[in-house]
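These are the residues of each chain, in order.
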Amino acid sequence: MSNQREQADMFLRQMEGFANEMKKAVGTPIIPEPKSGSQLWYDQREIKLKFLISVEKIKKFFHEGLAEGKLLATRCKKCGRKYFPPQVDCPYCKTSEMEWVELPRRGHLMTYTIIYVKPYSFGHYPDYTVGIAKLEDGTQVTAWVRETDPKKLKVGMPVRVEIVKREPEGYFTYELVPETEESQ
Amino acid sequence: MGRNVAIVGTGHSKFGNRYDVNIPELAWEAIKQALDEAGVDQKDIDFASFSNVGGWSSEPLPALVVLEYAGLTPKATYRVEAACASGSAAIKAAHDAVASGQADIAIAIGVEKMNESPTPTVIEFIGRAGNYFWEFQNFGLTFPGYYALYATAYMDKYGATEEDLCRVAVKNHYYASLNPKAQFTKPITMEMCMNSRYIAWPLKLFDCSPITDGAAAVILASEEVAKKLTDSPVWIESIGVASGTSNLSKRQGFLSLEAAVEAANMAYKKAGLNREEIVKHIDVAEVHDCFTIAEILAYEDLGFAKRGEGYKLLREEQTHKDGLIPVNLSGGLKAKGHPLGATGISMAVDLTRQLQGRVEKGRQATIVNGRALAHNIGGTGHYAYVTLYNLSKPRTR
């Protein structure tokens, strides 16, 4: 069976096929909406949406953090507040005097959900679980949880953070892994 | 605080899959109705605030496209964005223009055409409505997913069940079946809801509001103008507004939308109402039930129920038409439909008509206090607007 992204692509390709036939026949890309029969103009323009997002000021998070197997946060040198996701400015002290600190690996799961119906750009993955964990130092982290059976998930269960490669894209990210008795 | 502001005209399109109209045609359905009700002409309007979230629809500057189509150019305008609370933000913008004396008559227009894109694209855009880089890029949360995080925590802590969530759906689909403007026209059963497939565990298909096309508009006027236009103005008594963190990981917990509590307390304070006995002061409420769990959280965030007891109101049918505090007699976002930019304005339209006693019989609340409440949330408690509407003119401003 095809994944959700392939199904979405197929749906649009079908519409495009109809629109192309209409263009050949009557010179307009106008097709009937399947249920209502309302006439729809099939858009003749298309863009690719790809953002180029600056990580210049937080590049350590990736180069010295994830790439070296660590999950990093920033800490304000003045008030000691920890920021995750990392911020390079402390808005409370109005200072940019920050230091990088490694986050603890252990914590517990505050909440979670299993995503069955996916966004287009996640349509190629199998079902995935997203959770929010509170780590031992109180920092809260959103990430995928390596378990998709709702019966094996529980609010409050111990989890650890692992740095993993996200495939098929092949880039470093972090994941929450339920702690089983063997692994503890 | 400025001058008193009243709603003097309302307009509401049919919600649903509106493949039969484009964006300006859909908006015009609501605008025309509002102009007719108010008995004013485009030339009488000083300012038009415009609500649309967009992304999934073709027009990036819909305010201008709609104003031109509706004969409102060259009136002052801008588009406001507060995610799913954009409509309430547009009402606030129009309210502030009238209250401050910059406008005597203003129109707030909300339109959303979500069906211009295929469903997975719409899911993508709404999923990005939070913190794109840290929470969507890597983890692909969806809107049902965000609220499911609250549902999981709430059910675990307070013992609410999936049946309790479905009670919201059953109630709201029933009232939608009595509302000719609603997307869904048939009631559903508990079994249908419980047997529907999971979208984002523990939320199922019938726990979710649909993808909707729709438009709504309200015309606001100063006290002086309102008196000339209508014998039954509905006054904007107070507006409370607050925000929540973009990253859900930055929230204290997942049992309440803190921004909604903040906004409610602000609205109550401005109106001089005591939160502890708020249900006694309100005849009817529209709350932001984008997902069934959201309606339960709303009961508690608004003070209709104690913390952890919101779902019990449903078990006792206290938020049905003849209960303690009737909620979402329009069918709510859940079943009337949720065209994001139109939703907050749709709430104002329906509550105005409720207070004036002119909605369909089976869903007309008993109006005693003459006060109604709209609770409109953008994102997952990212933006919160609580607005009180009143048949009586606010005494002090």
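Residues numbered from 1 in each chain as written. Chains lettered and ligands numbered in written order. Predicted model: local features only at pLDDT ≥ 70, side-chain atom pairs only at ≥ 80, totals over all residues. Heavy atoms only, no water.

Asks: Sorry, what's going on with the sheet that holds strand β3 (residues 72-76) of chain A here?
Replies: Strand pairing in a sheet relies on backbone hydrogen bonds, with the paired strands running either antiparallel or parallel. All names here are of chain A. Across the sheet, three strands lie side by side as β4-β3-β5; this open sheet has antiparallel pairing. The strands lining the two open edges of the sheet, one partner per strand, are β4 (82-83) and β5 (98-102). Pairing geometry for β3 and β5, over five bridges, is antiparallel. Bridge pairing in β5 links Ala 73 to Val 101. (Pairing = 2+ DSSP bridges. Helix = DSSP H or I, 4+ residues; strand = E, 2+ residues; numbered from the N terminus.)

Asks: What should I look at first to understand the pairing of strand β1 (residues 5-12) of chain B in this one?
Replies: Taken residue by residue, a regular strand's side chains alternate between the two faces of the sheet. Residue and element names in this part refer to chain B. Judged by how many residues are buried, β1 sits mostly within the fold: eight of eight residues are covered. Summarising the sheet, β1 and strand β7 (residues 213-222) pair through seven bridges and their orientation is antiparallel. Note that in β7 the partner of Ala 6 across the bridge is Ala 221. Sheet analysis places β1 next to strand β8 (residues 234-243), joined by two bridges and oriented antiparallel. Directly across from Ala 6, in β8, lies its bridge partner Trp 235. (Buried < 20%, exposed > 50% of the residue type's maximum accessible area, 1.4 Å probe, protein only.)

Asks: Would you take a moment to explain the domain arrangement of chain A for this structure?
Replies: Where interface size is quoted, it is often the accessible area lost as the parts come together. Residue and element names in this part refer to chain A. Segmentation of chain A into domains returns domain 1 (4-41), domain 2 (54-103) and domain 3 (105-184). With 10 residues of domain 2 at the contact, the number on the domain 3 side is 11 residues. Per-residue buried area on domain 2 facing domain 3 is highest for Leu 66, Phe 84 and Leu 103; these three make up 55% of the total on that side. On inspection of domain 2 and its partner domain 3, the count reaches one salt bridge. (Domains from an automatic or database assignment. Contact = heavy atoms within 4.5 Å. Buried area = accessible area lost by both parts, 1.4 Å probe. Salt bridge = Lys/Arg side-chain N within 4 Å of Asp/Glu carboxyl O.)

Asks: Could you clarify how one ought to interpret the state of the cysteines in this entry?
Replies: Following the criterion strictly, the structure yields one disulfide over all chains and no others. Each disulfide pairs two cysteine sulfurs, and for Cys 166 of chain B the partner residue is Cys 193 of chain B, the sulfurs being separated by 2.1 Å. Looking along the S-S bond of the Cys 166 of chain B-Cys 193 of chain B disulfide, the torsion reads about -80°, which is the left-handed sense. Of this pair, Cys 166 of chain B sits in helix α7 (residues 162-176) while Cys 193 of chain B sits in helix α8 (residues 190-194), and the two are 27 residues apart along the sequence. The pair formed by Cys 166 of chain B and Cys 193 of chain B is uniform in burial state, with each residue classed as buried. The closest cysteine sulfur to the non-disulfide-bonded Cys 79 of chain A is located on Cys 93 of chain A, 3.5 Å from its own sulfur. For Cys 79 of chain A, a relative accessible area of 35% gives the class partly exposed. (Disulfide = S-S within 2.5 Å.)

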